Amino acid sequence: MNVEELVRDALRETAEAQSPAGPGLADRVLAVRRRRRGRRIAAAAAATVAVVALAVAVPQLESAKDDVRPAGLLDGSGTSAHPDQSPPRELIAAGEVALAAYYTTELQERIGEHAVDLRTYWLLDPESGRYEKDTRWSFVAVSPGLRTAAVLERTLPAKRIGLLDLATGEVERWIPVRHGVGGLAYSYDGTKLLATTYDEHPDLREGTYNAKTGGIGWHEPVGRTARTGFTVLDPTQGTEDPWRGLPSDRNANFRSDLQFSRDGRLVYSKIVGSRDGMQKFYDLTGAAVAAPAEERHLRSDVGARLSPDGTLAALGLTKEVPDKSYSSIRDPRTGEEITRVRGAELIAWADDRRLIAWERSAGKEAYEPRLALVTLGSDTVQWLSGPRTQGDSVEWDWEPVFARR
Amino acid sequence: MDGEAQAGFREFVENRSSALLRTAVLLSGGDRHAGEDLLQNALIKAAGRWHRIDEPEAYVRQILYRQQISRWRLKWWRREVSVAEPPDTGAVYDDSAAELRLVMRGALARLTARQRTVLVLRYFEDLPEAEVAAILGCSVGTVRSTTHRSLARLRALAPELAALTAVERVPDFSPVEVRP
């Protein structure tokens, strides 16, 4: 017997000594997956945070001065719900926020064993109040006020950023950038635009060829990130601050978009760690820093983050009963739970007492979430969209992008 | 994931989880709990893309292999799996096959995840070097050298195996291969 044979025997002996996997594994996996779904929409949810900003502080393009869109759509505060629509066709809004856009992703095979997950956006037409498909963009961040969106063209990383007038559908300004950009986010007050730079397509997928079956399985590259750094731009002036490189981080996802902290003085991104929702902060020179006091207890996978007045923190799913989910509302300074509110994933604050959330459809065993307006201190939800259910079309898995109107 | 997809996922897990768990435990150096965690995380990822996966088992195995190596790269993940009792390398040599396999199992647990993964793919899954290279995203040469170094490392960890290698040439006792 040689060493190779001994290795083979020892491995087989260890394998055979294992008792079968316990029952209920699939259910546990599906339950955990429901809780982690926030990770998959982290980019959209985090973008939501970035675009939720005070309308009064919104810088507007020159063209916006002549805006003649009907009042009440962008400027209103009423609730616009379409519980029969998924994906939505008409305006969804509540309180100070509106669904500014949504997107779907579809795998596009490229060469050999590489492919990309390409996004297709539907943008709110502020005149008609309907969502219109716009295939020109691979990434869209909507500014507070819903008048302008920062966009990237189909090829990523992109070498220029467009500022799209949502009323006309025309790009008002192109801002060239020195480093390829793959993700965008507005600051809370809308005065700054954060561009995350990458050296590869951030939505790259690697395929594994199975010689026995001839099939290919696609997955995100693991253990490395395509992110190289970031740059901060002034969208009104079209100017770009110096690019800041970030060291390669094994704990960052392949796409690892940065977002502004509430005060815009720091940026952060989600990191992969021993638990979900971990976040890592950097100052605007790219140096790693501690989380700000009021954001240290937040989770990177819960988009709502701080309430408009900054006194409440939206955290993650904490309780499930048949047909109902509850998420935690905490004191941002201490991390202590203040109350629980309906909702499996808190996406955005509509005002200081209400949030927009994904909440599971009643009477369904499968997790089929709908957008819902939930209220602190109330067990009642108001459905805003139809259930997001799986179907043959890629459109079933639409991801929302909210912005303050 | 709709009801039909969930049913398909459940059926797959029910039929294949025990086999997948065996591989996961091997990749984890014999640590059952770590193997269960590894498999559960791989299944969560697979569930997320269930409707796009043509070959679920191949896909889950791929995640297992890569995830294990990826975990090893994380700072807080143990670089070596601890064993209940450290191998007593100074023990009196017992030439029984069972005793040797026990020694070998202890030594396997002390390899790096990457080294162990290569050995599992080569000697448990019986995959050719080219297929191992494709799965791990490296060259055939890297698979070959990692295999070689892993076996050398086993010999270094368990001198009891020396008798098996008396007629073999042991060219490389370099310690652990660390890739960035």
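Structure: see above.
All values derive from a computational prediction rather than experimental measurement. (Residues numbered from 1 in each chain as written. Chains lettered and ligands numbered in written order. Predicted model: local features only at pLDDT ≥ 70, side-chain atom pairs only at ≥ 80, totals over all residues. Heavy atoms only, no water.)

### Looking at the interface of chain A and chain B
Every contact between the two is made by 53 residues of chain A and, on the other side, 57 residues of chain B. Contact between chain A and chain B buries roughly 5,300 Å² in total, counting both sides, with carbon and sulfur atoms accounting for 60%. For the interface between chain A and chain B, the tally reads seven salt bridges. Linking Glu-13 of chain A and Arg-105 of chain B is a salt bridge whose minimum nitrogen-to-oxygen distance equals 3.1 Å. Where chain A packs against chain B, one counts 14 residue pairs in polar contact (both at pLDDT 80 or more). Those elements giving two or more residues to the side of chain A that touches chain B turn out to be helix 1 (3-16), helix 2 (25-40), strand 2 (97-109), strand 10 (204-209) and strand 11 (216-219) of chain A. With 13 residues, the single largest contributor to the side of chain A that touches chain B is helix 1 of chain A. The residue inventory of the side of chain A that touches chain B, partitioned by class, reads 22 nonpolar, 15 polar and 16 charged. (Contact = heavy atoms within 4.5 Å. Buried area = accessible area lost by both parts, 1.4 Å probe. Salt bridge = Lys/Arg side-chain N within 4 Å of Asp/Glu carboxyl O. Polar contact = N/O pair within 3.5 Å; in protein donor to acceptor, adjacent residues only side chain to side chain. Helix = DSSP H or I, 4+ residues; strand = E, 2+ residues; numbered from the N terminus. Nonpolar A, V, L, I, M, F, W, Y, C, P; charged D, E, K, R; others polar.)

### Digging into the sheet that holds strand 24 (residues 369-375) of chain A
Residue and element names in this part refer to chain A. Pairing is antiparallel in the open sheet, where four strands are placed in the order 22-23-24-25. Both edges of this open sheet fall to strand 22 (345-349) and strand 25 (381-383), since each of them pairs with a single strand only. This sheet shows a mean twist of 35° between the axes of neighbouring strands, independent of strand direction. (Pairing = 2+ DSSP bridges. Axes fitted to C-alpha atoms, helices over the stretch in contact; angles between N-to-C directions.)

### Looking at the sheet that holds strand 20 (residues 324-330) of chain A
Residues and elements named next belong to chain A. Taken together, three strands build an open sheet; the order of strands is 19-20-21 and the sheet is antiparallel. Only two strands of the sheet have a single neighbouring strand rather than two, namely strand 19 (313-321) and strand 21 (337-342). Strand-to-strand twist in this sheet, taken as the mean axis angle between neighbours without regard to direction, amounts to 30°. As defined by bridge partners, strand 20 adjoins strand 21 across five bridges and the pair is classed as antiparallel. Within strand 21, the residue paired with Ile-329 across the bridge is Thr-339.

### Some points on the packing of aromatic side chains
What the rule picks out here adds up to nine aromatic pairs over all chains. Ring plane angle 50° and centroid distance 5.5 Å describe the contact between Phe-12 of chain B and Trp-50 of chain B, whose orientation is recorded as tilted. On the criterion of sequence distance, the pair formed by Phe-12 of chain B in helix 1 (residues 3-27) and Trp-50 of chain B in the loop between helix 2 (32-48) and helix 3 (56-73) is long-range, its members being 38 residues apart. Comparing Phe-12 of chain B with Trp-50 of chain B shows no difference in burial state: the two are buried. One cation-aromatic arrangement involves Arg-262 of chain A over Tyr-188 of chain A; the distance from NZ or CZ to the ring centre is 3.8 Å. We note Lys-319 of chain A situated over the ring of Tyr-326 of chain A; from NZ or CZ to the ring centre the distance is 5.3 Å. (Phe/Tyr/Trp six-rings, centres within 6.5 Å; stacked < 30°, edge-to-face > 60°. Buried < 20%, exposed > 50% of the residue type's maximum accessible area, 1.4 Å probe, protein only. Lys NZ or Arg CZ within 6 Å of the ring centre and 35° of its normal.)

In short, shape yes, function no, at least from these values alone.
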